[in-house]
Amino acid sequence: MLFPYGKAPLALLAVALLTGATLALATFCSRQDDYDLVFALFAKNHHEVYQEVIPEFEAAHGVRVQMQLVPARGLQSRLQSAFLAGAPVPDVVEILNGSMGYFARGPLKDVGFVDLTERLEKEGIRERMVESRFSIWSSRGHVFAMPHDVHPVTLAYRRDLVEELGIDVEALTTWDEFVRVGRRVTCDLDRDGVADRYMIDLPSDGASALDLLLLQRGGGLFDEDGQVTMDSQVAVETLVWYIHQTRGEGRIAFSAGWGQSLSKAMLDGLALFYFCPDWRTKTFQQDVPGLAGKMAVMPLPAWEEGGRRTSTWGGTGFAITKACPRQELAWEFAKFLYLEKKELGKRFAGSNIIPPVKDAWDLPEFHTPNAYWSNQKIGVLLSDLARETPPAYVTAYTELARTKIGEAFMNAAIYYDDHGDDGLRDYVENELKRTADYVRRVAGRNAFLSQARRESR
Amino acid sequence: MNTLHACLLALICVFAGSLLMFPRRPQIAWTYLRYVVLVLAAGVVLTPFAWLLCAAFKDRDILMEYVFLPPVSRWSSETLNLNSFRQLFAGEKTPQGTVYFWRYILNSLFLTTTATVLHIVTCSLTGYALAKYSFRGRRAIMLFMLGSMMIPSMILLAPVYQLMYHVGWIDTYLALLIPGAVPVFGVFLFRQAIVNVPNDLLEAARIDGCSEFGIYWNVVMPLVRPMTGAFCLVSFLGAWNSFLGPQIYIHTQAKLTLPVVLSQYIGIYNQQYGVFLAGTLLAILPPAIIFFGLQREFVSGLTSGAVKG
Amino acid sequence: MDRTTKARGWGGIRRQHWAYVFLLPYVVVTCTFFVYPFIQAIILAFHQTNGPSSRVFVGASNFAFVLTDDEFWIAVRNTTIYAVFSVFLQLPLSLGLALLLNTRKDKMKSFFRLILFSPRLVGQIFVGVIFTVIFVPRYGLFNRFLQTLIGWGLEERWLEDPALVMPALIITSLWMFVGFNMIYFLAALQNVDPNLVEAAQIDGAGPWNMFRHVIVPAIKPVATFVIVMSTIGSFQLFELPYSLLRGGFGPKNSGLTIVGYLYNSAFNSGDLGTGSAVGWILVLIIFVISLAQIRVSGTLRSEA
């Protein structure tokens, strides 16, 4: 009996059976090696560092740990959709700062990570760490990831050029003073109409520098309760200040960008200062070996005398997924990676990144002079600043808020180019209010968060 | 003035020339023009394919240098090679282990062929029921089917997703195969074709003692093979190119299909165009093969259906 | 309809009742995966969800939000522009090509038909992947071609300039769909009565009159079908911009479509409720426009 549907469908049926059998075979054969813990992370340098220490953990507990390096963007979106749909996820992950908001969008019970708040308190870990770091990994008072770092922000500068120009960095204690000196320094050396030396590198579209400055001033996009604060008076003033420094006649800033263009700018002395969180010191060292011994770091100038002299930029955290079958083991693993003192010393020496664990800061590695940075004991400076790092509260709308404040800034910049100072402050205030209201509307719509708020009253 | 302009000018000259040379038979010139336009259109349509073919085999360094291929003098294993394919098949790391590109091709093949065969069976059976049987509710069902075709499928995206979650079919192929198992346009296509089968044949088979299902299998289906072929092609194309379903339902990298994987690759292999273009080339081969096999049935089936519209 | 004796077939089941057996797959699948979700879609639209597991009743707030959201109206604008160009640019081109190709005795006909139809084989996602490289500024195929042809366009950033994203989408869709719709028109042209054509030629009608009075009425039903189908399809555009713009929605949301907005709400933000609300608004839009189109074609027909 001929196949009634025809030759082509018959062929397709054959292919279907064949491929189906192959797939079934493939699924059975590739039965996963049984790992006790599957660990997904995105930072290549972390991957290298951990690879050396994991065998020790494996030996101590008689388990096997598998590390997977995955692209950051993919990790976040896949985790998100997998959590919501109940699909398989790794046991433990290192996640990027800002992403916690997404995972905590709905009711707390839906967050795919294990609530670590109690554990951190009971084992005394919370007091050992810089408190402000927990803000990045919390939602509604519950902590879902262990902080990896502090990332205090300093100003890095060309010590040799600065000394040549007779600038006393000790005196640059406030931004006003900084700007005053900056105006003197920023000039057109070879009279070709274009300035050849700027005081500081600031990105022309605001971006992370704006965020960082707002945090330093105690502003920020959101406050502790998740309320939008991007249109506060502090924000208005900072935006206006920023526009003045990056545009127009009194500008002291040049936008040098990243990587190679920043390196070139610093080599040429095009900019003297730039924002440098701890991780950037290492990357700069690697990118620009030619400036060894000529660079130095200093705390940020404060906004008012005696004010906070640092901010924060970036961060990584360690989270345990609720799907993990061995959560106690995962917790031990977290502590092993983040709290072993001897390791922390080594890590700082290798990456210049200081851990949030305060008692580690006495280790000798933190007190070693760093030849690249003019023999400064950057560990000491960073740990002093670390205590002051401001909290940075995240919500599910952090990404949206960042986009919107960028939009407000660009509009304000265009306004300034057209109208100068005339009405600038009012314009900025209105723009910020408009964009903040939009974010408020979107955030306020979230029925889960408002329900949670109602319940907590 | 460059080569392209020169060619265009030449074409126009030929046209003008043919008008002048055959003043009493203008149809020669117009026929010529007709062909020119058609050839140009065909050229425009084929160019991206040709470009794709070349791009998959060019070395990364010269990919953007030459539009199609480098001049013959520069042909070597440095300029034209299989590096893109090599990288494509090198495998990527996922939290569940390493996955190779073969796996994605296999997944797509399996899903598509299974879906197509499934659709053929269900639609033909349903169409047969509607065409050759009278029963209470037949009109109602057909009206309902017609109405359901008017509803854009997007409205069902969210609730079906929720349903899949509750029955635990997320991240399985069942979620991709079952909800769309009986496409209504297919039912109508088969019904249209089967209605034309003379009832005498059915009666004769019944008298011979054939079961109802036997009539379907032995008498009706062999007679509508052309329509089956056309529908087979349409169904295959739809399933092969399906993106939204796998994108939202499949979470394990190893189970993904080609459209989703390639859309991921344009983010991962950012500037390495060759890699995902090589993948795309492979991804459009199976539909092309099927189409060449079934094009006659396809055109006749489609046009007869379309005219009734 | 055959009213023969009530023959008993297999297992004593009345012959006509076999139909119910054959219809079973359709009924089961449709009730489970169409009717039930359809009702759910109504319910969901009045809730907010966090993924498929949790949900909260919010009344009509989803609709209120979507209808006052600037981003939604940008999506509507983009989608409408695309649909307009689909109907008024794409379809005339398809018709034109069909007219050119329409001879009875041509072997070349099937050859050209095959070639012009071939883009339809490539799925929207794959087309997007291919064209995302074709539109690369300075080195891409398209810009280089433009430069050679008319001396402009080498540096145009088709996918990064908000004003150029929609033109890029339209150009790509032309490549994809002109051949496909041409097939429909070709089939429709078979319907043109050759006697009428001859009569018109004898009356000395020029090509334009021939077109208007002989061809257009003959292809009217198919043309209406194609126009309505094309519009409905255009309003559901999603996969092409998604892959062309590499998973984003273009600078300043210039590539955001209604379904893109739906997808973003439902799957990027995890709120299936808002996604459902957007879905209903889309259904309404499509319904209204299809109705209008059919009405218009109806009045035109009664005119002619």
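Residues numbered from 1 in each chain as written. Chains lettered and ligands numbered in written order. Predicted model: local features only at pLDDT ≥ 70, side-chain atom pairs only at ≥ 80, totals over all residues. Heavy atoms only, no water.

K.L.:
Residue-level account of the overall build of chain B, with values.
P.N.:
The helix and strand tally for chain B stands at 15 helices and two strands. The C-alpha radius of gyration computed for chain B amounts to 26 Å, which surpasses the reference 19 Å derived for 309 residues by more than 25%, pointing to a less compact arrangement than a globule. If you line up chain B on its principal axes, its C-alpha atoms span 75 × 75 × 35 Å. Looking at the 309 residues of chain B, the share that counts as buried comes to 52%. Here the contacts in chain B between residues at least 6 apart in sequence split such that 67% fall between residues at least 24 apart. Of the roughly 13800 Å² of accessible surface on chain B, a fraction of 67% belongs to carbon and sulfur atoms. Side-chain charges in chain B split into 19 positive and 11 negative, and the spacing between the mean points of these groups amounts to 9 Å. (Helix = DSSP H or I, 4+ residues; strand = E, 2+ residues; numbered from the N terminus. Rg over C-alpha atoms; globule rule 2.2 N^0.38 Å. Buried < 20%, exposed > 50% of the residue type's maximum accessible area, 1.4 Å probe, protein only. Contact = heavy atoms within 4.5 Å. Areas by Shrake-Rupley, 256 points an atom, 1.4 Å probe, with all protein chains shown as cover. Lys, Arg positive; Asp, Glu negative; His and termini not counted. Charge placed at Lys NZ, Arg CZ, Asp CG, Glu CD.)

K.L.:
Residue-level account of the interface of chain A and chain C, with values.
P.N.:
Between chain A and chain C, the contact holds 17 residues from the first and 22 residues from the second. At the boundary of chain A with chain C, total buried surface from both sides reaches about 1500 Å², with 45% on carbon and sulfur atoms. In this assembly, chain A and chain C are joined by one salt bridge. For Arg 445 of chain A, the salt bridge identified is with Asp 271 of chain C, shortest N-O distance 3.7 Å. Linking chain A with chain C are 11 residue pairs in polar contact (both at pLDDT 80 or more). Top contributing element to the side of chain A that touches chain C by residue count: helix 3 (residues 72-85) of chain A, with four residues. (Buried area = accessible area lost by both parts, 1.4 Å probe. Salt bridge = Lys/Arg side-chain N within 4 Å of Asp/Glu carboxyl O. Polar contact = N/O pair within 3.5 Å; in protein donor to acceptor, adjacent residues only side chain to side chain.)

K.L.:
How would you sum up the domain arrangement of chain B? Please name residues and give values.
P.N.:
All names here are of chain B. Under the domain assignment, chain B is made up of domain 1 (3-81) and domain 2 (92-304). Relative to domain 2, the C-alpha centre of domain 1 lies at a distance of 37 Å. Each side of the interface is counted separately: domain 1 has 10 residues, and domain 2 has eight residues. Each partner contributes to the roughly 700 Å² buried at the junction of domain 1 and domain 2, and carbon and sulfur atoms together form 86% of this total. In this structure, the connection of domain 1 to domain 2 is made through zero salt bridges. Run the count over domain 1 and domain 2 and you get zero residue pairs in polar contact (both at pLDDT 80 or more). Considering only residue class, the side of domain 1 that touches domain 2 consists of nine nonpolar, no polar and one charged. (Domains from an automatic or database assignment. Nonpolar A, V, L, I, M, F, W, Y, C, P; charged D, E, K, R; others polar.)

K.L.:
Please provide a residue-by-residue account of the interface of chain C and chain B, values included.
P.N.:
Listed by partner, the interface residues are 86 residues for chain C and 97 residues for chain B. For the pair chain C and chain B, the two sides together bury roughly 8300 Å², of which 79% comes from carbon and sulfur. When the area that chain C buries against chain B is broken down by residue, the three leading residues are Phe 22, Tyr 26 and Phe 126 of chain C, summing to 10%. Here chain C and chain B share zero salt bridges between them. On inspection of chain C and its partner chain B, the count reaches 10 residue pairs in polar contact (both at pLDDT 80 or more). Of the residues forming the side of chain C that touches chain B, the biggest block, 19 residues, is contributed by helix 1 (residues 18-44) of chain C.

K.L.:
Outline the side chain of Thr 112 of chain B, listing residues and values.
P.N.:
All names here are of chain B. Relative to the helices and strands, Thr 112 is located in helix 4 (residues 101-132). For Thr 112, a relative accessible area of 1% puts it in the buried group. Beyond its immediate chain neighbours, meaning those up to four positions away, Thr 112 contacts Phe 236, Ala 239 and Trp 240.

K.L.:
Describe in detail the domain arrangement of chain C, supporting the description with residues and values.
P.N.:
Residues and elements named next belong to chain C. Looking at the assigned domains, one finds that chain C contains domain 1 (3-44) and domain 2 (63-303). Listed by partner, the interface residues are four residues for domain 1 and four residues for domain 2. Summing both partners gives a buried area of about 340 Å² for domain 1 against domain 2, and 70% of it is carried by carbon and sulfur. When the area that domain 1 buries against domain 2 is broken down by residue, the three leading residues are Phe 38, Ala 41 and Leu 44, summing to 88%. Joining domain 1 to domain 2, the criterion identifies zero salt bridges. Our count for the contact surface shared by domain 1 and domain 2 stands at one residue pair in polar contact (both at pLDDT 80 or more). Counted by class, the side of domain 1 that touches domain 2 contains four nonpolar, no polar and no charged residues.

K.L.:
Summarise helix 9 (residues 207-235) of chain C; cite the residues concerned and give the values.
P.N.:
Between its first and last C-alpha atoms helix 9 of chain C spans 34 Å; for 29 residues at 1.5 Å apiece the expected length is 42 Å, and the helix comes up short by more than 12%. The largest bend along helix 9 of chain C measures about 60 degrees and falls at Lys 220 of chain C, with the proline Pro 221 of chain C one to four residues further on. (Expected span 1.5 Å × (residues − 1). Bend = angle between axes of the 7 residues up to and from the residue.)

K.L.:
Provide a residue-level description of helix 7 (residues 162-189) of chain C, including the pertinent values.
P.N.:
All names here are of chain C. Counted at 1.5 Å a residue, the expected span for helix 7 with its 28 residues is 40 Å, and the 40 Å between its end C-alpha atoms agrees. At Phe 177, helix 7 is deflected by roughly 40 degrees, the largest bend along its length. Across the 28 residues that make up helix 7, a large majority, 23, are buried.

K.L.:
Break down the packing of aromatic side chains for me, citing the residues and quoting the values.
P.N.:
All names here are of chain A. One pass over the full model with this rule turns up 74 aromatic pairs over all chains. Arranged with centres 6.0 Å apart and planes meeting at 35 degrees, the rings of Phe 39 and Tyr 50 form a pair that is tilted. Within this pair, whereas Phe 39 is found in strand 1 (residues 37-41), its partner Tyr 50 is found in helix 2 (residues 44-61), the two being separated by 11 residues in sequence. Pair check on accessibility: Phe 39 and Tyr 50 agree, each one buried. Pairing Tyr 415 with Tyr 427 gives two aromatic rings, centres 4.3 Å apart and planes at 10 degrees, and the pair type is stacked. One end of the pair, Tyr 415, is in helix 16 (residues 398-419); the other, Tyr 427, is in helix 17 (residues 424-444), with 12 residues separating them in the sequence. (Phe/Tyr/Trp six-rings, centres within 6.5 Å; stacked < 30°, edge-to-face > 60°.)

K.L.:
Report on the pattern of salt bridges, specifying residues and quantitative values.
P.N.:
Going through the model one piece at a time under the given rule, you end up with 30 salt bridges over all chains. Of the charged contacts, one joins Arg 434 of chain A and Glu 407 of chain A as a salt bridge, the two residues approaching to 3.1 Å between their closest N and O atoms. With Arg 434 of chain A in helix 17 and Glu 407 of chain A in helix 16, this pair connects stretches of sequence that are 27 residues apart. Exposure remark for Glu 407 of chain A: the relative accessible area of 28% places this residue in the partly exposed category. Close ionic contact of Glu 203 of chain B with Arg 206 of chain B constitutes a salt bridge, the shortest N to O distance being 2.7 Å. Of this pair, Glu 203 of chain B and Arg 206 of chain B both sit in helix 9 (residues 199-207), three residues apart, which is roughly one turn of the helix. Three or more residues joined by partner-sharing salt bridges are found here, namely Asp 231, Lys 433, Asp 437 and Arg 440 of chain A.

K.L.:
A description of the packing of helix 3 (residues 70-101) of chain C against helix 7 of chain C should follow, citing residues and the corresponding values.
P.N.:
Helix packing for two helices is described by the angle between their axes and how far apart those axes are. Residues and elements named next belong to chain C. Interaxial distance between helix 3 and helix 7 falls to 7 Å at its minimum, and their mutual angle equals 45 degrees. By the angle between their directions, the pair helix 3 and helix 7 is classed as oblique. The two elements helix 3 and helix 7 meet at a crossing, and its hand is right-handed. Partitioning the contact of helix 3 with helix 7 into residue classes produces 21 nonpolar, five polar and no charged. (Axes fitted to C-alpha atoms, helices over the stretch in contact; angles between N-to-C directions. Parallel < 35°, antiparallel > 145°, perpendicular 65-115°, else oblique. Left-handed = near helix turned anticlockwise from the far one by under 90°.)

K.L.:
I'd like a rundown of the state of the cysteines, residues and numbers included.
P.N.:
Residue and element names in this part refer to chain B. Scanning the model with the defined rule gives zero disulfides over all chains in all. No disulfide involves Cys 232; its sulfur sits 12 Å from that of Cys 123, the nearest cysteine. For Cys 232, a relative accessible area of 0% gives the class buried. (Disulfide = S-S within 2.5 Å.)

K.L.:
Which residues make up the confidence of the model for chain C, and what are the values?
P.N.:
A low pLDDT score tells you not to read the predicted coordinates there in detail. Overall, the predicted model of chain C reaches an average pLDDT of 86, with 93% of residues at or above 70. Taken together, the stretch residues 1-9 of chain C has pLDDT below 50 and engages in 10 contacts with residues farther than four places along the chain or on a different chain. (pLDDT = per-residue confidence, 0-100.)

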